[in-house]
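So the chains spell out like this:
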Amino acid sequence: MSPGPARGRTTGADGGGRRGPQRRWQLVRAGSDAVPASTRRFMARARQRRMRAALPWAVAAGVFAVAGLVAWTLLGTGLFGVREVRVEGAELVTTVQVRDAAAVPDDAPLARVDLAATARRVGELPAVQRAVVTRDWPDTLVVRVTERTGVAAVPRGEQFVVIDRAGVVFRSVPQPPDGLPVVRLAEPGPDDGSTRAALEVLGALTPQLRAELVDVTVEGLARITLRLRGERVVVWGDATRGADKARVASALLDRKADTIDVSAPDVVTLR
């Protein structure tokens, strides 16, 4: 009896037989139309929700990155460094003096300059009453100074020092500046009582007295005298009742007297 055909048998390269399972399936790729439309819509909406949720974070990250780059450029590099210190309003002080007082290094990042501290340093110059410092981008520091205004000149040796309305000494000159009265006292300064008394007297003078005034001498707080043209003297006494004393002395300027004593303005003495 002849044998039937063999099933499930494979023939190897060596001619031997080897049994094994036969593959009865096939891998195929499904087309897009194989997914239901409702599922596709759900998946698209899910992707949109994920994108909308991630968008603010992406925008924030971009903003932080740009801000960090800008901050690094302004604060950490010399790209926007100080190239010029422009001085405005200076007459009594020189531009070099102001720049030296400001003490801002060349190419220092303009954004990192301490404006208040720079203004304080410039304000320490004797002739500067106030300083304001601002930035002028991209590379300029602007220093605007307000200088002191002299109100009197005080002899000091062979020189004269100029004081402002607060009694601050801020300038030394060989001659009294035009239009400034001369005040003779020992130690001019904002904390000196004689200086304050002299300034009060000057502030009380009428235009007539100012026109005749040669100088004011303060020998003590109650020993203030005015020397006028023609070697005439007004005994002022202390600095109180300045307006009354100035009015009475002005009314007596036409009198023939070498000395007008208004130290007690209610009882005037002429000599």
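Structure's up top.
Heads up: these notes are all about the structure in this document.

About the criteria used
Residues numbered from 1 in each chain as written. Predicted model: local features only at pLDDT ≥ 70, side-chain atom pairs only at ≥ 80, totals over all residues. Heavy atoms only, no water. Helix = DSSP H or I, 4+ residues; strand = E, 2+ residues; numbered from the N terminus. Buried < 20%, exposed > 50% of the residue type's maximum accessible area, 1.4 Å probe, protein only. Contact = heavy atoms within 4.5 Å. Areas by Shrake-Rupley, 256 points an atom, 1.4 Å probe, with all protein chains shown as cover. Axes fitted to C-alpha atoms, helices over the stretch in contact; angles between N-to-C directions. Parallel < 35°, antiparallel > 145°, perpendicular 65-115°, else oblique. Left-handed = near helix turned anticlockwise from the far one by under 90°. Core = buried A, V, L, I, M, F, W, Y, C linked by side-chain atoms within 4.5 Å.

Counting its regular elements, the chain contains six helices and 14 strands. Out of the 271 residues belonging to the chain, those deemed buried represent 33%. When contacts within the chain are restricted to residue pairs at least 6 apart in sequence, long-range pairs at least 24 apart make up 43% of them. Only carbon and sulfur atoms are counted for the fraction: they give 54% of the accessible area of the chain, which is about 17900 Å².

So, on to the packing of helix 2 (residues 95-102) against helix 3 (residues 115-123). It is at 8 Å that the axes of helix 2 and helix 3 come closest, and there the two elements cross at 130°. The orientation of helix 2 relative to helix 3 falls into the category oblique. Both helix 2 and helix 3 take part in a crossing whose hand is right-handed. Here Val98, Ala101 and Ala102 of helix 2 come into contact with helix 3, specifically with Thr118, Arg121 and Val122.

The linkage connecting Trp137 with the following residue, Pro138, adopts the cis geometry, with an omega of 15°. Phi is positive for Glu231, close to 60°, though the residue is something other than glycine. Checked against the element boundaries, Glu231 lands in the loop between strand 11 (223-228) and strand 12 (232-237). Taking relative accessible area as the criterion, Glu231 reaches 59% and is therefore assigned exposed. Although it is not a glycine, Arg241 sits at a positive phi angle of roughly 55°. By the secondary structure assignment, Arg241 is in the loop between strand 12 and helix 6 (242-251).

The subject of this paragraph is the nonpolar core. With 29 residues, the main nonpolar core has Val183, Leu205, Val216, Leu226, Val234 and Trp236 as its most contacted residues. Secondary structure elements with two or more residues in this core: strand 6 (152-156), strand 7 (159-163), helix 4 (193-204), strand 10 (213-220), strand 11, strand 12 and helix 6. With five residues, the single largest contributor to this core is helix 4. Contacts of Val234, omitting those with residues within four sequence positions, involve Ile224, Thr225, Leu226, Leu228, Ala249, Ile260 and Val262. Ranked by size, the runner-up nonpolar core spans 28 residues in total, among them Val87, Ala102, Phe170 and Val182.

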